[in-house]
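A closer look at the structure
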Amino acid sequence: SVQVGHDINLSNVLKIDSLNVIESGFLTLKQDSSLEILLDIEINQGEIENNGSLKGSNLFINNGVLTTNDSLIISDSIKLVDGKFQNNGLVNAKKIEVVEGLVFGNGISAEYSTWKSLFLGFGKVLDESWKINLEFSEPKSASIIKFKNKNGKSEQLSESLYLCQN
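Below is a short write-up of the structure.

Here is what the cut-offs are and how they apply
Residues numbered from 1 in each chain as written. Predicted model: local features only at pLDDT ≥ 70, side-chain atom pairs only at ≥ 80, totals over all residues. Heavy atoms only, no water. Helix = DSSP H or I, 4+ residues; strand = E, 2+ residues; numbered from the N terminus. Buried < 20%, exposed > 50% of the residue type's maximum accessible area, 1.4 Å probe, protein only. Contact = heavy atoms within 4.5 Å. Areas by Shrake-Rupley, 256 points an atom, 1.4 Å probe, with all protein chains shown as cover. Core = buried A, V, L, I, M, F, W, Y, C linked by side-chain atoms within 4.5 Å. Salt bridge = Lys/Arg side-chain N within 4 Å of Asp/Glu carboxyl O. Pairing = 2+ DSSP bridges.

Focus on the overall build of the chain
A tally of regular secondary structure across the chain gives zero helices and 18 strands. A burial count over the chain gives 35% of its 166 residues as buried. For the chain, contacts bridging at least 24 residues in sequence account for 5% of all contacts bridging at least 6. Entry remark: accessible area of the chain is about 9800 Å², with carbon and sulfur atoms responsible for 49%.

Structure follows, in structure tokens:
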């Protein structure tokens, strides 16, 4: 178990039981580095910048910041309870739940997403969410499902299916 309260730069391969990045803690994974957490990853008012490969069972972001520029593989779920999650790489998780916070970036995600209350910084809370599935094997297809979130429950409003042609 490791608790990060200061700056750490990782440039090798490392496997540990659990990780907690606390207030003012900053963990940087350098390019070609690999950090595998056997249990949970927690970011409690700290920050992780991932330029390598980060793996774990669960990821909890509580008023912290996670920037992924390469690979983030979470075997179970990612939960954002305030904070920022920037994906500029590849994120794979069974479930992503956003209670409150900001999710953005230009990366690729392969997960089931649940957005309870996503704050975009414009003074507006969104109560709608979308699930987007992209299939790149033949035939290439896409589906977009729109949900309305009310009282902690999601209700499907619409589903659009697309067949992609070259």
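A closer look at the environment of Leu 80
Take Leu 80: it is sitting in strand β11 (residues 71-87). Taking the relative accessible area as the measure of exposure, Leu 80 reaches 2% and is therefore buried. As for Leu 80 and Gly 64, which are separated by 16 residues in sequence, their C-alpha atoms are 8.7 Å apart. Not counting the four nearest positions on each side in its chain, Leu 80 is found in contact with Ile 61, Phe 85, Glu 97, Val 98, Val 99, Glu 100, Gly 101, Leu 102 and Val 103.

What about the nonpolar core?
Formed by 23 residues in total, the largest nonpolar core has its most connected members in Leu 19, Ile 48, Leu 59, Leu 72, Ile 78 and Phe 85. It is β11 that provides the largest number of residues to this core, a total of five residues.

Here's the deal with unusual backbone geometry
Phi is positive for Ser 24, which is not a glycine, with a value near 70°. Topologically, Ser 24 is positioned in the loop between β4 (19-21) and β5 (26-29). Its relative accessible area of 56% is what places Ser 24 among the exposed residues. Of note, the phi angle at Asp 82 is positive, near 75°, even though the residue is not glycine.

Focus on the pattern of salt bridges
In total, this model carries one salt bridge according to the counting rule given. The partner of Lys 15 in a salt bridge is Glu 36, with the nearest N and O atoms 3.9 Å apart. With Lys 15 in strand β3 (residues 13-16) and Glu 36 in strand β6 (residues 34-37), the pair connects residues that are 21 residues apart, well separated along the chain.

Re the pairing of strand β7 (residues 40-44)
Here β7 shows a buried face lined by Ile 41 and Ile 43 and an unburied face lined by Asp 40, Glu 42 and Asn 44. The pairing of β7 with strand β10 (residues 58-68) spans five bridges and is parallel. Across the sheet, residue Asp 40 finds its bridge partner in β10, namely Asn 58.

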